[in-house]
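Summary of structural features
Here is what each chain is made of, one letter per residue.
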Amino acid sequence: MVQSGNTRQKSEECLSSDFQDAGTLRLVPPPPDNSDKESSKMVLASPHSLRLKYISLGVLVLQTTSLVLTMRYSRTLKEDGSRYLASSAVVSAEVLKVFTCTFLVFMENNYSLRAMNQLLKEEIVNKPIDTMKLAVPAAIYTLQNNLLYVALSNLDAATYQVTYQLKILTTALFSVSMLGKRLGLYQWLSLLLLMAGVTLVQWPSDAGADSEQKIQTTGFQFVGLMAVLMACVSSGFAGVYFEKILKETKQSVWVRNIQLGVFSFVFGFIGMMVYDGHSVTQSGMFQGYNTIACTVVVLQALGGLVIAVVIKYADNILKGFATSLSIIVSTLISYFLLKDFNPTGVFFLGAVLVIAATFLYSYEGKPASSNAVRV
């Protein structure tokens, strides 16, 4: 009886996944006695499914692009006063995440404060070992978030967007080594294309400029590149580690993100006081905050929440489209509005290779990237 129940459950999961495949409706033959009813349901579900996919595509592109461009604009905007501290923005985002996830847990418990407190006590306080496991990815995510500010302070949005796709490579390698996942031929080829594309994107241009300015620009680009590479490595390891933890337990993703957020707040606050303690003591934690800075904090805090909501409608092909469109939009806005990017033929070739690698990686089976959503 147990075997038949598991078989039925797996069949339902396969059917559900087929409904969300690449924007098309894959018909799975239903049992003979319900064929007419099931067929009519599939026909009715198709327009709704497609609509959700297009909405998901738009949300993914908007979230990915808006955060990068807004963060880049906020770090290069010339102001009279002091610029906001990146470490402070990271801490503020973590606080907002914790409050948001706590409210979602409150909603899941039918708006019962007592039930929420009991759940958090059972899952966090009464399981100290499981809770402490989240300290590792929290520390890495905190480092990663600070590195992204460094990267976007030294790289234009387009170059950053393309280079940051190396997290596909790092996540795949960590998935193979830590989770024992296997990659197909198309996925290995895509990783080679990805490395070639990023190399071309970072290829130095021969644009006319004096030697001093060229050396200074190269120095900034090197700092930004190192920050992106470190962020890709930390993102890959933390994502796979977080996935491994989620597979070992059955906690709510919001509870897990509360734990992550609390640890990230602690690590972020310590980092802020170590590196920017003098500035915080003199001018306060929220120095330089304006509308743009607050927008960056909100986008960074709630971006993962948006992804968590739409991710179940976004299959691998759709995420590839979102990444590609985000790169294109970031390039256009960087060139026409921010005016901090001068595209070259080598850059476009590298960007095309990266976009192709993104699609190719999703072509055969599911990618090795983590399905766990870290808000």
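Everything here concerns the structure above.
Description of the structure in this document. (Residues numbered from 1 in each chain as written. Predicted model: local features only at pLDDT ≥ 70, side-chain atom pairs only at ≥ 80, totals over all residues. Heavy atoms only, no water.)

What about the overall build of the protein?
A tally of helices and strands in the protein yields 14 helices and zero strands. In the protein, the order of α-helices and β-strands from amino to carboxyl end is α-α-α-α-α-α-α-α-α-α-α-α-α-α. Taken over 375 residues, the protein has a buried fraction of 42%. Long-range pairs, those at least 24 residues apart, make up 84% of the contacts in the protein with a sequence separation of at least 6. Taken as a whole, the protein presents about 20200 Å² of accessible surface, with 65% of it coming from carbon and sulfur. (Helix = DSSP H or I, 4+ residues; strand = E, 2+ residues; numbered from the N terminus. Buried < 20%, exposed > 50% of the residue type's maximum accessible area, 1.4 Å probe, protein only. Contact = heavy atoms within 4.5 Å. Areas by Shrake-Rupley, 256 points an atom, 1.4 Å probe, with all protein chains shown as cover.)

Description of empty space enclosed by the protein
Inspection of every chain in the model, using the stated rule, returns one cavity of 30 Å³ or more. The volume enclosed by the largest cavity comes to roughly 40 Å³. Taken together, Ser-74, Leu-77, Glu-79, Arg-83, Tyr-84, Gly-288, Asn-290, Ile-292 and Ala-293 form the lining of the largest cavity. The residue makeup of the lining of the largest cavity, split by class, is four nonpolar, three polar and two charged. (1 Å grid on protein atoms, 1.4 Å probe; cavity = no way out; pocket = protein on both sides within 12 Å on 5 of 7 lines; lining within 4 Å. Points joined across faces, edges and corners; volume = space filled by probe spheres on them. Nonpolar A, V, L, I, M, F, W, Y, C, P; charged D, E, K, R; others polar.)

Let's talk about the packing of helix H3 (residues 86–108) against helix H6 (residues 135–154)
At their nearest, the axes of H3 and H6 sit 9 Å apart, and the two run at 130° to each other. Relative to H6, H3 is oriented oblique. Handedness of the H3/H6 crossing: right-handed. Facing H3, whose interface residues are Ala-86, Ser-87, Ala-89, Val-90, Glu-94 and Lys-97, H6 presents Thr-142, Asn-145, Asn-146 and Tyr-149. The residue inventory of the contact of H3 with H6, partitioned by class, reads four nonpolar, four polar and two charged. (Axes fitted to C-alpha atoms, helices over the stretch in contact; angles between N-to-C directions. Parallel < 35°, antiparallel > 145°, perpendicular 65-115°, else oblique. Left-handed = near helix turned anticlockwise from the far one by under 90°.)

Some remarks on unusual backbone geometry
A positive phi angle, close to 60°, is found at Tyr-111, a residue other than glycine. Take Tyr-111: it is sitting in the loop between H3 and helix H4 (113–125).

Considerations on the packing of helix H8 (residues 167–179) against helix H9 (residues 185–201)
It is the contact of H8 with H9, at a shortest axis distance of 9 Å, that shows an interaxial angle of 140°. Put simply, H8 runs oblique to H9. Note on packing geometry: the crossing formed by H8 with H9 is left-handed. The residues of H9 that touch H8, namely those facing Ile-168, Leu-169, Ala-172 and Leu-173, are Trp-188, Leu-191, Leu-194 and Met-195.

As for the side chain of Gln-165
Its location among the elements puts Gln-165 in the loop between helix H7 (157–163) and H8. Here Gln-165 falls in the buried class, since its relative accessible area comes to 8%. Ignoring any residue separated from it by four or fewer positions in sequence, one finds Gln-165 in contact with Leu-194, Thr-323, Ile-327 and Val-354.

So, to be careful, I would describe these as geometric facts and stop short of saying anything about function.
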